[in-house]
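Okay, here's what each chain looks like letter by letter:
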Amino acid sequence: MPDRITLEVARYRPENESAISFQKFEVPCHKEWVVLDGLNYIKDQLDGTLSYRWSCRMGVCGSCGMNVNGEPKLTCATFLADYAPGPVRVEPMTNFPLIRDLVVEIGDFMRKLTEVKPWIVRRKEKPLSEGEYLQTPSELDEYKQFSMCINCLLCYAACPIYGLEPDFIGPAAIALAQRYNLDSRDEGASERLDILSQHEGIWGCTFVGECSKVCPKDVDPAGAIQRYKLSASLASLKRLLMPWGAE
Amino acid sequence: MAKRKAIEPLLWLLFSAGGVLAALLGPVLLFMFGVAFPLGWLPTPSHAHLLGVLGNPVVRVVMVVFCALALVHGAHRFRYTLYDGLQIKHLNEFVNLVCYGGAIVGSIVAAYWMWQVP
Amino acid sequence: MRASPYTEYHPRWLRRRKSTYWWLERMSYLIFILRELSSAFVAWTVVFLLMLVHAVSRGDVAYQQFLSWSTSLPVMLWNLISLFFVVLHAATWFRLAPQAMVVHVGGRRLPGAVIAASNYLLWVMATVLVVWLLVGG
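Here goes a summary of the coordinates provided. This one's a predicted model, so the numbers in the text were calculated from it and none came from an experiment.

**Let's talk about the interface of chain A and chain B**
Here comes step 1: At the junction of the two partners, chain A supplies 16 residues and chain B supplies 12 residues.
Here comes step 2: Those elements that place two or more of their residues in the side of chain A that touches chain B are helix 5 (160-164), helix 7 (189-196) and helix 9 (221-241) of chain A.
Here comes step 3: For the side of chain A that touches chain B, the element with the highest residue contribution is helix 9 of chain A, accounting for six residues.
Here comes step 4: Taken together, the residues of the side of chain A that touches chain B break down into eight nonpolar, six polar and two charged.

**A short note on the sheet that holds strand 3 (residues 65-68) of chain A**
Residue and element names in this part refer to chain A.
Here comes step 1: Pairing within the open sheet is mixed, and its five strands lie in the order 2-1-5-3-4. Each edge of the open sheet carries a strand with a single partner, namely strand 2 (21-28) and strand 4 (71-74). Ignoring which end each strand starts from, the neighbouring axes of this sheet average 35° apart.
Here comes step 2: Strand direction decides the pairing type here: strand 1 (residues 4-11) and strand 2, joined by eight bridges, are antiparallel. Bridge assignment links I5 to a residue of strand 2, and that residue is V27.
Here comes step 3: Relative to the sheet, helix 1 (residues 35-46) contacts strand 1, strand 2, strand 3 and strand 5 (88-91), its axis offset from that of strand 2 by approximately 95°.

**Describing the interface of chain C and chain B**
Here comes step 1: Each partner contributes to the interface: chain C provides 44 residues, whereas chain B provides 45 residues.
Here comes step 2: Of all the secondary structure elements, the ones that give two or more residues to the side of chain C that touches chain B are helix 1 (27-58), helix 2 (60-71), helix 3 (73-100) and helix 4 (112-134) of chain C.
Here comes step 3: When residues of the side of chain C that touches chain B are assigned to their parent elements, the largest contribution, 17 residues, is made by helix 1 of chain C.
Here comes step 4: For the side of chain C that touches chain B, the per-class residue count stands at 31 nonpolar, 11 polar and two charged.

Reading the values: rules and limits
Residues numbered from 1 in each chain as written. Chains lettered and ligands numbered in written order. Predicted model: local features only at pLDDT ≥ 70, side-chain atom pairs only at ≥ 80, totals over all residues. Contact = placed C-beta atoms within 7 Å. Helix = DSSP H or I, 4+ residues; strand = E, 2+ residues; numbered from the N terminus. Nonpolar A, V, L, I, M, F, W, Y, C, P; charged D, E, K, R; others polar. Pairing = 2+ DSSP bridges. Axes fitted to C-alpha atoms, helices over the stretch in contact; angles between N-to-C directions.

Written out as structure tokens, the structure is:
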């Protein structure tokens, strides 16, 4: 294994440039180093002006998502040695506006996430005196997988529909809506249905499946969306055939 | 909001049903009549035999359902492929008309011709 | 002349447009588009079968004409290509079904392999039935 590797890092400095350019850096290639270590080395030793997001460096915060050799990855979970002898191309995540260097604008997702009401919705809150909500392990298993989402947005970078349809709500937001729909404590399924049973919601998805492929936490948003399509269409059918049974 | 778009969920149900039928029956039917019989790999059924098969009421119903749903499946998916693959959003109304219109016309033809089998 | 590097509130963000040929950038995108295109060949299968039905209705002569037309080279080639895509449709459909369908039996989730296997079994049964209807019986 070589002891150095070249990183080709995308640069974009809006005050001076109107397009992305690539800058080559040579960094050490230790066995246990990840791409994030390479970027930190660049910032500490080679070019302090490089801008990028990172935090926990262990795959739970969702900050360090970038395109490594064209694939959306968490840079804290992508080993440099796997790309030896290199070079390794590091770019900002696709489908997002670029603020600077490797930092993308995620406000669109934050807004869409709020729209789907990712919290327990109750028609009437249980008073404290009645104690806590109880949930069996099998009720937990129903939604647990979808609760693992760390909002890293790799799925949005991978989803071609999100790139083509700016209004598409997107994999993570829909998966999180499903997480609450399937939670036994939640009563907000029909509210979320009104919001998501739209072309910008679940019906825009064509099951490309890339989102689930790149998800670092095995949330399987594609599966969540397809299951949601089935339950939403059956609910629509019920509403059509039996309009008196108001949901 | 959901009321206006009630058509999309129903289209998806039809699309899914069509997909299942197309996956189950499509390969064998096309293989038989498109490849196996023309190439002589299997003995071609006689006219009388086929008439008997197609005249059967269950077969008639299954064929109409298969044709209609498979056409809707094809139309639905093709419409999305044109929309996403070629990004021709401005032609949206036209594409919808051609795709679903074609599926509806095809389904009516299928029902009529299956009914017409002596 | 370049637009100002600043918008009203912040430095100008770079908005990168998606290429019309985005589906060529990755193999999985290409397979996805081919899978979606298979829908057109599913529609052709229906058209082809309806032509057959119509020919059978019109009598033995029409039926024989249809058969010889379907042996002509261009039609055969077209049907071979269509068959490839129809099989692609079936294969991808069955591969994706377990991801889309969660079935509960007695409070426990059926593993994806069971759903996939039952789909294939159904497919084998349908195929055998159709072959028997056309060739046997």
